[in-house]
Amino acid sequence: MTPATPLSPGSKAPDFELPATPDQTVSLLELRGQPVILAFYPEDWSPVCSDQMALYQELLPEFRTFNAALVGISVDGIWCHLAFARDRNLRFPLLADFEPKGEVARAYQVYRAKEGTSERALYVIDAGGIVRWSYVSPVGLNPGADGILRALESLEEKGS
């Protein structure tokens, strides 16, 4: 299967608003003014997704030194996200791209229609809402955080 082609650097990041809990949403617009890391992942509970999200939890203090907000996004529902976050001790929002299924993943060109999930895709968006870095990893591989950290360092050097 050919990997997805994510939105390229310089693209305007599509706005979205997704549920983080049954009564709270998170929108890209409300995160404007700071760098934002979007971590699209196929599904809660899979071994690779569990490892990837645990790594990002460990690196959360480092992401915050760049004033960056981290958001995980998958097509799982809110209750699944809440159980997964509690079980894995995740302290960043996991957003439910559940209904209409994959709408945000589609907007970011990382929806896997055949599987009904998203790619394992990463975006770093600058304070003004412009994609500065994007990457699609093979679904079975944890992409780590080196690319995210390099993109955040680059943003800081450019002063944006």
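See the structure above.
For clarity, every value in this text was computed on a predicted model and none was experimentally measured.

**Quick word on the overall build of the protein chain**
Okay, step 1: Within the protein chain, the secondary structure is distributed over five helices and nine strands.
Okay, step 2: If you list the helices and strands of the protein chain from N to C, you get β-β-α-β-α-β-α-β-α-β-β-β-β-α.
Okay, step 3: Compactness check: the protein chain gives a C-alpha radius of gyration of 14 Å against a globular reference of 15 Å for 160 residues, within 12% of the reference.
Okay, step 4: The buried share of the protein chain, reckoned over its 160 residues, is 52%.
Okay, step 5: Summed over its atoms, the accessible surface of the protein chain is roughly 7,700 Å², and 52% of this surface lies on carbon and sulfur atoms.
Okay, step 6: Charge centroids of the protein chain, computed over 14 positive and 21 negative side chains, lie 3 Å from each other.

**Some words on the pairing of strand S3 (residues 36–40)**
Okay, step 1: Among the five residues of S3, five are classified as buried, and the element is accordingly described as predominantly covered.
Okay, step 2: Here S3 shows a buried face lined by Val36, Leu38 and Phe40 and a second buried face lined by Ile37 and Ala39.
Okay, step 3: Relative to strand S4 (residues 69–74), S3 is paired through five bridges, and the arrangement is parallel. Bridge pairing in S4 places Val36 opposite Ala69.
Okay, step 4: Each parallel crossover has a hand, and the one from S3 via helix H2 (residues 47–65) to S4 is right-handed.

**Notes on the pattern of salt bridges**
Okay, step 1: Scanning all chains against the criterion turns up five salt bridges.
Okay, step 2: Here Arg32 makes a salt bridge to Asp15, at a shortest N to O gap of 3.3 Å. With Arg32 in the loop between helix H1 (28–31) and S3 and Asp15 in the segment before strand S1 (17–21), the pair connects residues that are 17 residues apart, well separated along the chain.
Okay, step 3: Accessibility expressed as a relative area gives 32% for Arg32, which makes it partly exposed.
Okay, step 4: Exposure remark for Asp15: the relative accessible area of 44% places this residue in the partly exposed category.
Okay, step 5: The salt bridge partner of Arg112 is Glu119, with a shortest N-O separation of 3.2 Å.

**Here we look at the packing of aromatic side chains**
Okay, step 1: Evaluation of the coordinates by the stated rule reveals eight aromatic pairs.
Okay, step 2: Taking the centre distance of 6.3 Å and the plane angle of 70° together, the rings of Phe16 and Tyr108 count as edge-to-face. Taken together, the residues span a long stretch of sequence, with Phe16 in the segment before S1 and Tyr108 in the loop between helix H4 (103–107) and strand S6 (111–112) at a distance of 92 residues.
Okay, step 3: Accessibility expressed as a relative area gives 0% for Tyr108, which makes it buried.
Okay, step 4: Their ring planes at 45° and their centres at 5.5 Å tell us that Phe40 and Tyr108 sit as a pair that is tilted. One end of the pair, Phe40, is in strand S3; the other, Tyr108, is in the loop between H4 and S6, and 68 residues separate them in sequence.
Okay, step 5: Through successive ring pairs, a cluster of aromatic residues spans Phe16, Phe40, Tyr108 and Tyr123.
Okay, step 6: Here Arg106 stacks its cationic end above the ring of Tyr111, 3.9 Å away from the centre of that ring.

**Structural notes on the sheet that holds S4**
Okay, step 1: Taking strand neighbours across the sheet as the criterion, the five strands line up as S5-S4-S3-S8-S9 in an open arrangement whose pairing is mixed. The open sheet has two edge strands with one neighbour each: strand S5 (94–96) and strand S9 (131–137). The sheet shows a mean angle of 20° between the axes of neighbouring strands, direction not considered.
Okay, step 2: Sheet topology places S3 next to strand S8 (residues 120–125); five bridges connect them, and they run antiparallel. Of the residues in S8, the one forming a bridge with Ala39 is Leu122.
Okay, step 3: In this fold helix H5 (residues 146–158) packs onto S3, S8 and S9, with an angle of close to 10° to the strand it touches most, S8.

So, how was this worked out
- Residues numbered from 1 in each chain as written.
- Predicted model: local features only at pLDDT ≥ 70, side-chain atom pairs only at ≥ 80, totals over all residues.
- Heavy atoms only, no water.
- Helix = DSSP H or I, 4+ residues; strand = E, 2+ residues; numbered from the N terminus.
- Rg over C-alpha atoms; globule rule 2.2 N^0.38 Å.
- Buried < 20%, exposed > 50% of the residue type's maximum accessible area, 1.4 Å probe, protein only.
- Areas by Shrake-Rupley, 256 points an atom, 1.4 Å probe, with all protein chains shown as cover.
- Lys, Arg positive; Asp, Glu negative; His and termini not counted.
- Charge placed at Lys NZ, Arg CZ, Asp CG, Glu CD.
- Pairing = 2+ DSSP bridges.
- Right-handed = clockwise from strand over helix to strand, strands pointing away.
- Salt bridge = Lys/Arg side-chain N within 4 Å of Asp/Glu carboxyl O.
- Phe/Tyr/Trp six-rings, centres within 6.5 Å; stacked < 30°, edge-to-face > 60°.
- Lys NZ or Arg CZ within 6 Å of the ring centre and 35° of its normal.
- Axes fitted to C-alpha atoms, helices over the stretch in contact; angles between N-to-C directions.
- Contact = heavy atoms within 4.5 Å.

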